[in-house]
Every structure is written in C-alpha cells, then in structure tokens.
Amino acid sequence: MVSRLQRSFQRSGWSTRRWVATLLFCVLIVAALAACGTDSTTAQGAQSPTPTPTKTSMKTLPASKCGSIQTNPRGLPVDTARAKQSATCFWQAYQKCRPAMLEFDQTSVDTLAIHTFNVRTGDQHCSVTDAVQHAVLPAKPSGSKTYTCTAISSKPDGLHFSACGDAGDITVPM
C-alpha cells in the first residue's frame, strides 16, 4: 500500500515531504483564521463590558484605520459591504481595547455630520471618543468638538454609541 502511494506521488511530481509540508501549511492557515474569529456571545446585540487594556495593548500600538461609513440622505449606508467590514473592524478593536479609528459621514438633504470615533487606551481602562464636525451644505465643515462616549454595543443594525456628549446617542448603520 505504501509503495503504491509513493509511486503515485512520484508520477504526479510531488514528493512525500512536499505533500506533508503543504498539508502542515494548510493546517496552520486554518488555525490562524480560527484565532481571528469573534466572540459570538457579544458580537450580536449585546453590549460588552468596558474592555480593559492588556499588557500588549498598553504598549504604543498604531491605531487601526477601520475605514469610513457614508450614509445617503435616507440614513442607509452607501456601500453596505464596506460599512459592515468597517464596523466589524472597529468593534473587534474595541473588544480587545486596541487603538482604532472609524469615520462616519452622516448626510441629510442639506447637512453633513462627520464623526471620527477613536478607541483610546489608558492605564486601566479603554475609552471611545467622538470628534464631530457639522456643515450646512455647501459650506465646509466647522471645527471639531470631541466627546467621550459612555458605551458601545453591536446590534444587527449597526454600532450603537451611547451618551457621546452633546452629540448624544449615535447609531452607525451597517
């Protein structure tokens, strides 16, 4: 049986070592992808407790740029796939208390609000800030005001930011 298998490998041009190495590589890729998964207990509709920084997140890490989400005047994302990807990136960074940035452009018929959310890490806690700019079109956006949000939750319709200063509660659709 073994010699038949070896002859089959030789005819195909694959050596046993090459076959085992390829198989091992595939197993490592699957394990790495599984490690990148989300925690299903908090990913849908649950508000997670405020994450605390780990030793690695307390080091100066570059902020992940999770992208931007733009809405049309009806409040729906212009690009749904991109919105979901950007919101998921930010939510995962928040859960791990890793620096991240997400831009949300909220457009109506004649106004624009640009929210720039940031996950910030401190000595003992994680916080989320919202730098907001407003504009009445066609004027340019005003200077930004920055608020600290009290909580974030991920729900099927998007990310929900709670009590972000004068901006109040903000829902980022996805």
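Residues numbered from 1 in each chain as written. Predicted model: local features only at pLDDT ≥ 70, side-chain atom pairs only at ≥ 80, totals over all residues. Heavy atoms only, no water.

(A) How the structure looks around the state of the cysteines. In total, this model carries 3 disulfides according to the counting rule given. The side chain of Cys97 participates in a disulfide bridge whose partner is Cys126; the two sulfur atoms lie 2.3 Å from each other. On the sign convention where negative is left-handed, the bridge of Cys97 and Cys126, at about 120° about the S-S bond, is right-handed. On the criterion of sequence distance, the pair formed by Cys97 in the loop between helix H5 (80–95) and strand S3 (100–107) and Cys126 in strand S5 (residues 126–136) is long-range, its members being 29 residues apart. By the burial criterion, Cys97 is buried, and Cys126 matches it. Each sulfur of the disulfide joining Cys149 and Cys164 lies 2.0 Å from the other. (Disulfide = S-S within 2.5 Å. Helix = DSSP H or I, 4+ residues; strand = E, 2+ residues; numbered from the N terminus. Buried < 20%, exposed > 50% of the residue type's maximum accessible area, 1.4 Å probe, protein only.)

(B) Seen up close, the nonpolar core. Residues Phe90, Phe117, Val128, Leu159, Phe161 and Val172 are the most contacted members of the largest nonpolar core, which totals 23 residues. With 6 residues, the single largest contributor to this core is H5. Once you skip the residues sitting within four places of it in the chain, Phe90 turns out to touch Cys66, Ala100, Met101, Leu102, Phe117, Asn118, Val119, Val128, Ile152, Leu159 and Phe161. (Core = buried A, V, L, I, M, F, W, Y, C linked by side-chain atoms within 4.5 Å. Contact = heavy atoms within 4.5 Å.)

Taken by themselves, the reported measurements are silent on function.
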